[in-house]
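Coordinates in review
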Amino acid sequence: MSRVQTVTVGPGDGDQRLDRWLKRHFPHLPQGRIEKMCRKGELRVDGARAKASTRLEVGQQVRVPPLPEPEEMAAKQAASPARSRVSEEDAAMIQAAVLWKDDHIIAINKPAGLAVQGGSKTTRHVDQLSEALRFGMDEKPRLVHRLDKDTSGVLLLARTREAAQGLTAAIRHKETRKIYWAVVAGVPTPYLGEVRYGLVKAPGHGGSGEGEKMICVHPREIDKTPGAKRAHTLYSALYRVAGRATWVALEPITGRTHQLRAHMAEIGHPIVGDGKYGGSGQENLGDGWGAQLGGIISKKLHLHARSMTFQHPKTRKIVTIKAPLPEHMANTWDTFGWTEDLADDDPFESLR
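Residues numbered from 1 in each chain as written. Predicted model: local features only at pLDDT ≥ 70, side-chain atom pairs only at ≥ 80, totals over all residues. Heavy atoms only, no water.

Remarks on the UniProt feature "active site" (unreviewed entry) in the chain
Keep this limit in mind: UniProt positions are given in the numbering used here, feature names are shortened, and annotations may be inferred rather than shown by experiment. Only DSSP runs of H or I covering at least 4 residues are called helices, and only runs of E covering at least 2 are called strands; the numbering of each starts at the N terminus. Pairs of residues are marked as contacts when any of their non-hydrogen atoms sit within 4.5 Å.
As recorded in UniProt, the sites labelled "active site" (unreviewed entry) are Asp148. Within the secondary structure, Asp148 is located in the loop between β9 (142–143) and β10 (152–158). Apart from the residues lying within four places of it in its own chain, the contact partners of Asp148 are Lys110, His258 and Arg261.

Right, dumping it as C-alpha cells:
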C-alpha cells in the first residue's frame, strides 16, 4: 500500500471529473474503489469531501489515501477475470450500437437497461464495455455525459482527452441540444409548452430507492427549499391516441437528475413504463395518470434520447446524431400507427 498523498492539480489536468483525474494518474484503480473512497470521505479536494463527479480546477489539492499497488490490483483482477474482461457477446453488442465515429468521438445508441457507469453492485455498464470500443486507440473512450439506466438513445464518448474537455465544456455551458422522444399518459395541454419546476432529492434511502427520487418544487419555492435546483424542460405533443397516450418530444434546457421523468409526472402526464414517477401498478384510464397502458404495450420505460447536436471540438462543424428507437418503443409505434419520419427535426422551432 502507498502512503497518504497530497497531489496538486497541474496545468492540463483541470476541468475534469475527480474519477477521471484519478484514473489518469492511478490507472489501476477501478471505479468502484474510487466511489467507495468518496463515500467514506477518504478522498478530499482542498480539505473537503468530494464526489466522483466533482470537477477539479488547476491548483487544487487532492488528498489521496493509501492505495493498493498495481500488482495487488492485478492479482485481484486475475482472481476474478469476469469483472475485468469484456465477453465476445458484449463486445459485439456494444460495437453494433455504434452510430457514428471519427478519430475524436464515438456516438452509440445506448440500449435500455444498460447502466452508463458502474457502482458497488453494477459491474456491467457502458464505461466497462467501452474497452471494446478502442478501435485501435491506446485508451478506451471516455464518458462525457450520462443517461439513466432505463433510458435508451444517443450517448457520446470522447476518444481523446482534448475531445473530452471540449464536449464536457459544451454540455456544461448548454452549447449542445438534446431532443428526447417519449410516450406519456394522457394528452398534455397546451400541446406546446414548458415546465419550470425545481428539483430536490427526496429524503430517505429505503430499499425502494426513494433516496434516488427527485421531488418537484414550485418555482416560487425553489430559493426557500434547501438543495433545490432550478430545472427547465420544453415539451411538444406530436401525436396522440384518443385521450390515452401521446408521443411527445422533450428538450431539457437544464440537465438535472431524472428531470424529464419528474417534470412530466408533475404536470399529470408520467412517461409510460416509469414505475418510479408514474406508478408501475397503475393502469392509465385516459385521464392522464398511470404509467401503464396495458394490453400489448411494453411495461418498459418509454424514454429515448432521439438526437444530440453539438459543435465538433476539433473540426468546429455542427454535428447531429440520431438514434433509432429501441425494440420495445418501436413496437409501441407500430401498434399506434406512428412512424419515426412523422416528427419534425426541431419540434421547438416556434419557441426560439
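Now that the structure has been shown, we can carry on.
Examining helix α7 (residues 259–266)
In plain terms, the rule: Burial status follows relative accessibility: with a 1.4 Å probe on protein chains alone, a residue under 20% of its type maximum counts as buried, one over 50% as exposed, and anything between as partly exposed.
Along α7, seven of the eight residues are buried, which leaves the element largely enclosed by surrounding structure. Among the residues of α7, those classed as buried are Gln259, Leu260, Arg261, Ala262, His263, Met264 and Ala265. At the C-terminal side of α7, Gly268 shows a positive phi close to 90°.

Regarding the packing of aromatic side chains
Each aromatic ring pair is characterised by the separation of its centres together with the angle its planes make. Inclusion rule: Here the aromatic set is Phe, Tyr and Trp, taking the six-membered ring for Trp, and pairing holds for ring centres within 6.5 Å; pairs whose planes are under 30 degrees apart are stacked, those over 60 apart are edge-to-face, and all others are tilted. To sit over a ring, a charge needs its Lys NZ or Arg CZ within 6 Å of the ring centre and within 35 degrees of the ring normal.
Summed over all chains, the structure comprises seven aromatic pairs. Ring geometry for Trp247 and Trp338: centres 5.6 Å apart, planes at 40°, overall tilted. Linking Trp247 in strand β16 (residues 245–252) with Trp338 in the segment after α9 (327–336), this pair joins segments that are 91 residues apart in sequence. Plain terms: the ring middles of Trp333 and Trp338 are 5.2 Å apart, the flat faces sit at 85° to each other, and that makes the pair edge-to-face. For the pair Trp333 and Trp338, a shared accessibility class is recorded, and that class is buried. Here the aromatic cluster, defined as three or more aromatic residues joined through ring pairs, consists of Trp181, Tyr239, Trp247, Trp333, Phe336 and Trp338. Across the ring face of Phe135, the terminal group of Lys101 is positioned such that the distance to the ring centre comes to 4.8 Å.

Topic: the packing of helix α1 (residues 18–25) against helix α2 (residues 31–39)
Geometry of a packed helix pair, given as the angle between the helix axes and the separation of the axes. The test is simple: Every axis corresponds to a line fitted to the C-alpha atoms, with the helix fit spanning only the stretch in contact, and the corresponding angles, defined between N-to-C directions, vary from 0 to 180 degrees. An angle below 35 degrees is read as roughly parallel, one above 145 as roughly antiparallel, one from 65 to 115 as roughly perpendicular, and any other as oblique. The hand of a helix crossing depends on one turn: near helix anticlockwise from the far one by less than a right angle means left-handed, and clockwise means right-handed. Three residue categories are used. Nonpolar comprises Ala, Val, Leu, Ile, Met, Phe, Trp, Tyr, Cys and Pro, charged comprises Asp, Glu, Lys and Arg, and polar comprises the others, including Gly.
Packing of α1 against α2 brings their axes to within 11 Å, and their N-to-C directions diverge by 125°. When the interaxial angle is binned, α1 and α2 end up oblique. Classified by chirality, the crossing of α2 by α1 is right-handed. Seen from α1, the contacting residues are Leu18, Asp19, Leu22 and Lys23; seen from α2, they are Gln31, Ile34 and Cys38. Among the residues forming the contact of α1 with α2, the class breakdown is four nonpolar, one polar and two charged.

Details of the pattern of salt bridges
Side chains that differ in sign of charge can pair as their charged atoms come close. As a reminder, the rule being used: Salt bridges are counted wherever a side-chain nitrogen of Lys or Arg sits within 4 Å of a carboxyl oxygen of Asp or Glu.
Enumeration over the complete set of coordinates arrives at 21 salt bridges. Of the charged contacts in the structure, one is a salt bridge between Lys140 and Asp127, with a shortest N-O distance of 3.5 Å. With Lys140 in the loop between α5 (126–129) and β9 and Asp127 in helix α5, this pair connects stretches of sequence that are 13 residues apart. Exposure class is identical for Lys140 and Asp127. Each is buried. A network of salt bridges, in which partner residues are shared, links Arg20, Lys23, Asp127 and Lys140.

Considerations on the environment of Glu266
Its place among the elements puts Glu266 in helix α7. Accessibility expressed as a relative area gives 38% for Glu266, which makes it partly exposed. With 75 residues separating them along the chain, Glu266 and Tyr191 place their C-alpha atoms 16 Å apart. Residues contacting Glu266, with those up to four places away along its chain left out, are Tyr197 and Cys216.

What to know about the pairing of β16
Short version of the rule: Here, any two strands with at least 2 DSSP bridges between them count as paired.
Counted residue by residue, β16 has eight buried out of eight residues, so it is predominantly covered. With burial as the criterion, each face of β16 is covered, one bearing Ala245, Trp247, Ala249 and Glu251 and the other bearing Thr246, Val248, Leu250 and Pro252. For strand β11 (residues 177–185) and β16, the ladder comprises six bridges, and the chain directions are antiparallel. Counterpart to Trp181 in the pairing with β16 is Ala249. Where strand β15 (residues 233–241) and β16 come together, eight bridges link them in antiparallel fashion. For Ala237, the partnering residue across the bridge sits in β16 and is Val248. Between β15 and the antiparallel strand that follows it, β16, lie three residues; Ala242 among them carries a positive phi value of about 50°.

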